[in-house]
Amino acid sequence: MEEKQQSEIECLFIREGPQSVNILADPNARLVQKELKSLTDKVKNWASARKSAEKKNEHNLSESHQGQRLKQLISRGRDAYQTSLQVILVTDKCHHNQLEHMDFLKEIKLFAVLEFDPESDINGTCHFFRKDRVANLHYPRMYTSQDSLTTVAGRLNLFKQTSWIFCNGQKNEDSDADKPLTPSEWLKKRSGDISNMVTLLCNPDLIGKDRLLVMFVLHSAVADISSPILETFCAIYRTLEGADNILCICKDPCVFTRWKQLIEVRCKEDISSKCIYELSLNEISSTVKKLKQPQTQSSLKFLPSTGLSSVLLTKKDEELFTVLDILTENECENTEIERNDAFNEFKKKTEEDFYKGGQVTWWNFYLSEKPGSLPFIKRDKFNELHDLLTPVEGYTSPCVMINLFHHPGCGGTTLAMHVLWNLRRKFRCAVVKNNRATNNEISAQVVKLLTYGKQEQSGNTPVLLLVDNRDDIEDLKQDIIASDRKCHNGLMVIILNCERTPFPEESSRNSRLSNVFITNKLSSTEQSLFSEKLQQLKDDHEKPETFYAFMIMTKNFSEAYITNLVSNIIRNLDISTNQGRLFSFLALLNSYVNGSYMSLSLCEELVGIKNALWRQETLDDKMNPYSTLLLTFTVEEHGTYQAVRFLHQMIASKSVQILNQEHKLSLSETTINMIHCDRIYKSSMGKDFLVQNIQSMLITRHRKEQGDEKDTLFSPLIEQIHEDEGPKKIKEVLEKATVRFERSATIPQALARHFYLKEEDFQSALHWALDAQSKKSNSYIADTVGQVYKTQLKRKMKDIKDSMVLTPEALDEYLVLGSKAMKAFKKSQEQAKTDEQVDPFDPQTRKKSYNISGYVGETEVIITLLEYIKDLPLSAAPDRLERDKMLQFLKGHHSLNSLQYNHSNATIVQLVAVLERHERFLTSLKPRLREMFEFFDNYFTYLRPRSQERETADVKHKRRLSEYFKKYMQIFELSEGEKASEKASHPNLSLHQQLQEKRNYLEAKRADSFAGLLQCLTDKNGPEMEHILKRWKFIFDNTPSRSVSDTVNFILANIVMHSIKPSSQVTRKYEELVELLNKELQKEGTHSSLTEMYYLSMLLMWPVRDTKLDKFPTYRNISTYTTSIKKSFHRRFSHMFPARSAISHFFLGKSSGLKRIVSKVKLDQILINISRQDSISAQSGQQRKLHNLWQSGAAWNEPKVQNELLRIKGKSENGEIYVNYGSNLRMSVRPVYLGDIRSGYSQEEVSFYLGFTMEGPVAYNIKY
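Being a predicted model, the structure only gives us computed values, none of them experimental.

How each quantity is defined
- Residues numbered from 1 in each chain as written.
- Predicted model: local features only at pLDDT ≥ 70, side-chain atom pairs only at ≥ 80, totals over all residues.
- Heavy atoms only, no water.
- Helix = DSSP H or I, 4+ residues; strand = E, 2+ residues; numbered from the N terminus.
- Buried < 20%, exposed > 50% of the residue type's maximum accessible area, 1.4 Å probe, protein only.
- Contact = heavy atoms within 4.5 Å.
- Lys, Arg positive; Asp, Glu negative; His and termini not counted.
- Charge placed at Lys NZ, Arg CZ, Asp CG, Glu CD.
- Phe/Tyr/Trp six-rings, centres within 6.5 Å; stacked < 30°, edge-to-face > 60°.
- Lys NZ or Arg CZ within 6 Å of the ring centre and 35° of its normal.
- Pairing = 2+ DSSP bridges.
- Axes fitted to C-alpha atoms, helices over the stretch in contact; angles between N-to-C directions.
- Salt bridge = Lys/Arg side-chain N within 4 Å of Asp/Glu carboxyl O.
- Parallel < 35°, antiparallel > 145°, perpendicular 65-115°, else oblique.
- Left-handed = near helix turned anticlockwise from the far one by under 90°.
- Nonpolar A, V, L, I, M, F, W, Y, C, P; charged D, E, K, R; others polar.
- pLDDT = per-residue confidence, 0-100.
- Right-handed = clockwise from strand over helix to strand, strands pointing away.
- Expected span 1.5 Å × (residues − 1).
- Disulfide = S-S within 2.5 Å.

## Examining the overall build of the protein
Then, number 1: From N to C terminus, the protein includes 50 helices and 29 strands.
Then, number 2: Viewed in the frame of its principal axes, the protein has a C-alpha envelope of about 185 × 80 × 70 Å.
Then, number 3: For the protein, the proportion of its 1264 residues judged to be buried stands at 53%.
Then, number 4: Across the protein, contacts joining residues at least 24 apart in sequence account for 73% of those joining residues at least 6 apart.
Then, number 5: Taking the 172 positively charged and 162 negatively charged side chains of the protein as two groups, their mean positions are separated by 4 Å.

Printed below as a string of structure tokens:
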């Protein structure tokens, strides 16, 4: 066998297809080297490729967590997406194939959309969204305004509905200003508007950073660095000071890469951690929807309708009810939360929130009806309120108001909502959820709710509207009636007004409306129900004894319980810490301002909580254990945000008391600390509302007519500081407030009032009053200036009276002060005609009123001066004769020379010299005073207030003015000596003297004017009225050049006489009175300012089937005179219309002649006689009963009333009523209540009762 030899040969095999080739076997060394180099390069490439692949795998592994990142960014690290989060979406054009995956936008709280697709409303995201949801189409320029943030938010419906803002115009827009632009043109023309818009939308006063998420959704790559959408990102980035609130969703990695690069160039920040770019839109949409908390609302909502039917309330339509919280008949039923594992936790928290002191929700009632639960505690007044809302006999008015008076914190609103819950299938129930909404907004939405889902021919299901502590409830009623008038044949709306008051029982007695009241005292039945409920809460909750609001009621509002509770919890509170300061601020605010609170974000800042965005530290933790007395709740003011208040007002008040007594923290110190705290007045949610409440705490006075315990000169806080700490502290507090609220006019006004009322420092008072006037000039501040002068005048007069030494300098000063006071009061009177109809010392009120304080003030000044001047010691032994001569001087009948004074007495000579310098002013006082009394007669007789509170104020003013009138009559009362002197010096003027005596008598009886004669209907009996008429007859018969007003007054005196005593022999015949009036009308024509003359033309010449009137030329122009009275009345009184309405003193009766003029006093007496059969016997009770009969319309149904009045037939046209008398006479009549006329301008036959006001004829009890 042959042995083979082995040798070592270098080999390098490379696979080529099916073969392996040894590249070193080639004998050509050059070729081998070339192959080796090629192989080396390939290996390097393969290694590089491998490394790249490995990196890519690692990259894919990390990017697989983008779903988790999306959850983190959307939920802010929580388990679920928070419903309080407001989202601003910035997006470009979405391909129509992807629109279905944008449906997650409908599931989140979309605050605004910054849209860069000009066709979005045609076929894009906007069009897709608006199929099911409401969005308002806006442009950026609409967000550039000098108006306040509150005004802009209200105008654009921010928070209430999504704002879809077309940032690069719309393709289908007609205006060139709103068409799409190229990027370069956009930068020049629109970038400024975008910057302003972003500044407003991202303003922390509008949305706190802790509730804001800006979401960019980019469907295509951003082209270059001048892109409008990139410019918008930079504006948002600058405004929010970084990208913490930003999330970017990119269609794919390419879009992301380009976006990331551009932002790194512009903002020098890597935003990769804020971007999602590996997930599809479908995945993103599903993830967001999955993150949503389970729905706590029914997926389908139904409203009750006619015939026990129901109407579906769609989500989109529900969003249109921006100011109403609508209670549907299937509220809380079939919700996601009830089918969710978290339901028990939700149920537990819902109960805890309520029993700790939170607002009751519909869920509380629903949960109490679940098996195993105790029924919701039914208060004793539940059935009474329920029956008031659902009377067996029904209602006769299209809009009914019912009041529920209650102590704060005693469960009044809860009772009202409980009744609504039980009536949700009978009525369409709703709650006004934003008390700052206007009456127009509320009334329009109430009418929309009333008619929702109805055909024209079907009936309406009435709306039951709950209003909580709103001031202008009467105006709201009128606005509802005026908003829609087609439901007049059946009940339209029931307004249930919850009104907080310290004296619910007294408010109930004084109210003229149907009402119920509850107090902070439980009956034995209620106490047992609360005890039973407490036992159930012990079974279901860990520490129900910490549900302090519930425990307060369980303990029957025991002050000892509240004192013990607060003392124990705040025993170790350090008032010098941030926590102590916040606690004292909230306690003070909640004690003195009902419904006050501070935003949660502000509270967190005040106690030093950082990183509130991710909630790593909570206010409850930071404030523990004091947080057990506080409640965090949701506010809907301009959007939804979290706020903090005390659990109960009694706890807040007790905390203030204990801080003062045990921690030596005075009210003034807390108030000053609050004024000095800069952070409160910087940007924060609800800042405007908080600042308004702080100012209200300093200036809003209490008034008995508004249900308060007493009338106060200052706010309760200021009064308490004065009582506890003295006037110096008030001065310090208010002076510091003027620095903090430097633009406020009411703070220096309050300070002026303090100086002249409490310290009698009139110089300082005048300084601050003028300071207030320089900031805002209105009738109330002008009145304060007058009050300073008036009070200083009275003080100086008292000082001189005490010293019994009057110097000429002092007299001159008096007259100068009086003149200045009158000038200020006259300015107040003029400004009252044009200024805002609100009282600055009650800035939260919406109630319209006409300010007459300037008239009252001037009247008091004149009376004060006259009383002083008439008794000036100008002779050594002043007697009645000398006094009479002084009165003659003041009347303007004699000059000062007629006064007999001691010319040798230098002081008296100087005093007379002072009087001479002011002679013109002094002789103007009496006629000016007459003007004042004439104004008041017209004001109180021709017009009546629109609210019951103002009626109470009227009674006070009348009482005060009656005293002034008595003083006036006493001052100018003629002595026997004066009468004898007058007759002796003017024997040939005895007729003149007699005429003057008659006028003096009429003036004393307040029957010398038209308004005064109308008042005689109420104030005078038959014999008194005959004496009055005889004097008017003497004046009428004997006055040489009789004025038109004398004739008019004489005619009215006869009408009033006939109304009071029809059998009187003194009364002129009807035809004679018509003849007299006819002559005056012919002389005066149709453009006279004497409204009263035209009023008589209606009374005496209203067309009836009586041919006697045909002979009078003016009868043919009677319709013209009804137009004249309206014009004349409006010229004289239109500035008072917001506060008052014209009164009907007479109605048209069935008889003829004077008998056809039926006074309202006569109808009132008929109704009073009927009501005496009822149990109400007190005078006040009779008056309330009488008012209710007129208000409800029941008075017209009384047969005895119907027997007196003539029912007229007419035709409704264009919201007015017209009555045709023959072919040439057509009379226009205004409906008193707009709700009596059907809408739609339907021209139909109607009948009504005719009333006569100084504004013209009016129609009552209109029937079709």
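## Details of the environment of Lys-654
Then, number 1: One can find Lys-654 in helix α25 (residues 649–661).
Then, number 2: Taking C-alpha positions, Lys-654 is 65 Å from Trp-1032, a pair spaced 378 residues apart along the chain.
Then, number 3: Apart from residues no more than four positions distant in its own chain, Lys-654 is found in contact with Glu-559, Ile-562, Thr-563 and Val-566.

## Points about the packing of aromatic side chains
Then, number 1: The final tally for this structure, using the stated rule, is 50 aromatic pairs.
Then, number 2: The interplanar angle of 50 degrees and the centroid separation of 4.8 Å between the aromatic rings of Phe-111 and Phe-159 together place this pair among those described as tilted. With Phe-111 in strand β4 (residues 110–115) and Phe-159 in the loop between α5 (149–155) and β6 (162–166), this residue pair connects regions lying 48 residues apart in the sequence.
Then, number 3: Under the relative-accessibility criterion, Phe-111 is labelled buried at 2%.
Then, number 4: A relative accessible area of 17% means that Phe-159 is categorised as buried.
Then, number 5: Relative to Phe-1133, the ring of Phe-1129 has its centre 5.0 Å away and its plane inclined at 40 degrees; by these criteria the two rings are tilted. One end of the pair, Phe-1129, and the other, Phe-1133, are both in helix α47 (residues 1118–1133), four residues apart, so they sit about a helical turn from each other. Considered together, Phe-1129 and Phe-1133 belong to a single accessibility category, that of buried residues.
Then, number 6: An aromatic cluster of three or more residues is present, and its members are Phe-354, Tyr-355, Trp-362, Phe-365, Phe-376, Trp-421, Phe-530 and Phe-550.
Then, number 7: The ring of Tyr-1001 has Arg-1031 lying over it, and the distance from NZ or CZ to the ring centre is 3.8 Å.

## Thoughts on the sheet that holds β6
Then, number 1: Spatial strand order, β5-β6-β4-β3-β7-β8-β9: seven strands in an open sheet with parallel pairing. Where the open sheet ends on each side, the last strands, each with one partner, are β5 (135–138) and β9 (275–276).
Then, number 2: Sitting on the sheet, helix α9 (residues 253–267) is in contact with β7 (212–218), β8 (246–250) and β9, with an inclination near 140 degrees to β8.

## A closer look at the pattern of salt bridges
Then, number 1: Tallied over the full model, the rule gives 52 salt bridges.
Then, number 2: With a shortest N-O distance of 2.5 Å, Glu-860 and Lys-794 are connected by a salt bridge. Note that Glu-860 is positioned in helix α34 (residues 853–869) and Lys-794 in helix α32 (residues 779–803), a separation of 66 residues in sequence.
Then, number 3: Relative accessible area serves as the criterion here: at 35%, Lys-794 is assigned to the partly exposed category.
Then, number 4: With a closest N to O distance of 2.8 Å, Asp-799 and Arg-795 form a salt bridge. Separated by four residues within a single helix, Asp-799 and Arg-795 lie in helix α32, roughly one turn from each other.
Then, number 5: In this structure Arg-795 comes out as partly exposed when scored by relative accessible area, which is 22%.

## What about the packing of helix α30 (residues 746–759) against helix α31 (residues 762–775)?
Two measures define how a pair of helices packs: the angle their axes make with one another and the distance between the axes.
Then, number 1: For the pair α30 and α31, the least separation of the axes is 8 Å and the interaxial angle reads 160 degrees. In terms of their interaxial angle, α30 and α31 are classed as roughly antiparallel. Pair α30 / α31 crosses with left-handed handedness. Counting all contacts with α30, which are made through Pro-748, Gln-749, Leu-751, Ala-752, Phe-755 and Tyr-756, the residues of α31 involved are Phe-762, Ser-764, Ala-765, Trp-768, Ala-769, Asp-771, Ala-772 and Lys-775.
Then, number 2: Within the contact of α30 with α31, the residues separate by chemical class into ten nonpolar, two polar and two charged.

## Focus on the sheet that holds strand β13 (residues 399–406)
Then, number 1: Ordered by their spatial adjacency, six strands build an open sheet running β12-β14-β15-β16-β13-β17, and the pairing between neighbours is mixed. Among the strands making up the open sheet, the edge pair consists of β12 (324–327) and β17 (515–518). Across the sheet, the axes of successive neighbouring strands diverge by a mean angle of 20 degrees, strand direction being ignored.

## A word on the confidence of the model for the protein
Then, number 1: Per-chain confidence: the protein averages 87 in pLDDT, with 90% of residues scoring 70 or above.
Then, number 2: Per-residue pLDDT stays below 50 along residues 57–63; that stretch engages in two contacts with residues further than four places along the chain or on separate chains.
Then, number 3: The low-confidence segment residues 838–847 (pLDDT under 50) makes 41 contacts with residues lying over four places distant or belonging to another chain.

## Description of the pairing of strand β11 (residues 310–313)
Then, number 1: Across the two faces of β11 the burial differs, with Val-311 and Leu-313 buried and Ser-310 and Leu-312 not buried at all.
Then, number 2: In this sheet, β11 lies alongside strand β10 (residues 301–304) in antiparallel orientation, the contact comprising four bridges. The residue bridging Leu-303 from the neighbouring strand is Val-311, located in β11.
Then, number 3: The turn joining β10 and β11, which pair antiparallel and follow one another in sequence, is formed by five residues; a positive phi near 65 degrees is taken by Gly-307.

## A closer look at the side chain of Asp-1164
Then, number 1: Of note, Asp-1164 is situated in helix α48 (residues 1160–1171).
Then, number 2: Among all residues touching Asp-1164, those that are not within four sequence positions of it are Leu-1186 and Trp-1190.

## What about the pairing of β5?
Along any regular strand, the residues point their side chains to alternate faces of the sheet.
Then, number 1: Summarising the sheet, β5 and β6 pair through four bridges and their orientation is parallel. Bridging across to β6, Ala-135 finds its partner in Thr-162.
Then, number 2: In terms of handedness, the path from β5 via α5 over to β6 forms a crossover that is right-handed.

## What about the side chain of Gln-536?
Then, number 1: For Gln-536, the location among the structural elements is in helix α19 (residues 524–540).
Then, number 2: The contacts of Gln-536, once residues within four sequence positions are left out, are Gly-372, Ser-373 and Leu-374.

## A short note on the environment of Glu-352
Then, number 1: Along the chain, the position of Glu-352 falls in helix α12 (residues 343–356).
Then, number 2: Here the alpha-carbon distance between Glu-352 and Thr-546, two residues 194 residues apart in the chain, equals 9.6 Å.
Then, number 3: Once residues within four sequence positions are removed from consideration, Glu-352 is found in contact with His-541 and Phe-547.

## Examining unusual backbone geometry
A negative phi angle characterises most non-glycine residues, just as the trans form characterises most peptide bonds.
Then, number 1: A cis amide bond, omega 5 degrees, links Asn-624 with the succeeding residue Pro-625.
Then, number 2: For Phe-159, which is not a glycine, the phi torsion comes out positive at approximately 75 degrees.
Then, number 3: For Arg-1006, which is not glycine, the phi dihedral falls at a positive 55 degrees.
Then, number 4: The residue Arg-1006 is located in the loop between α41 (990–1004) and α42 (1010–1019) in this model.

## Considerations on the packing of α31 against α32
Then, number 1: With their axes 8 Å apart at the nearest point, α31 and α32 run at an angle of 165 degrees to one another. Between α31 and α32, the crossing angle belongs to the class labelled roughly antiparallel. Between α31 and α32 lies a crossing of left-handed hand. The residues of α32 that touch α31, namely those facing Phe-762, Ala-765, Leu-766, Ala-769, Leu-770, Ala-772 and Gln-773, are Ile-781, Ala-782, Thr-784, Val-785, Val-788, Tyr-789, Thr-791, Gln-792 and Arg-795.

## A closer look at α41
Then, number 1: Taking 1.5 Å of rise per residue, 15 residues should cover 21 Å, and α41 covers 21 Å from first to last C-alpha, within 8% of that figure.
Then, number 2: Of the residues making up α41, those classed as buried are Gln-993, Leu-995, Leu-1002 and Glu-1003.
Then, number 3: Two residues or fewer after α41 comes Arg-1006, characterised by a positive phi angle close to 55 degrees.

## As for the state of the cysteines
Then, number 1: Counted under the stated rule, the structure contains zero disulfides.
Then, number 2: For Cys-677, which is in no disulfide, the shortest distance to another cysteine sulfur is to Cys-603 and amounts to 11 Å.

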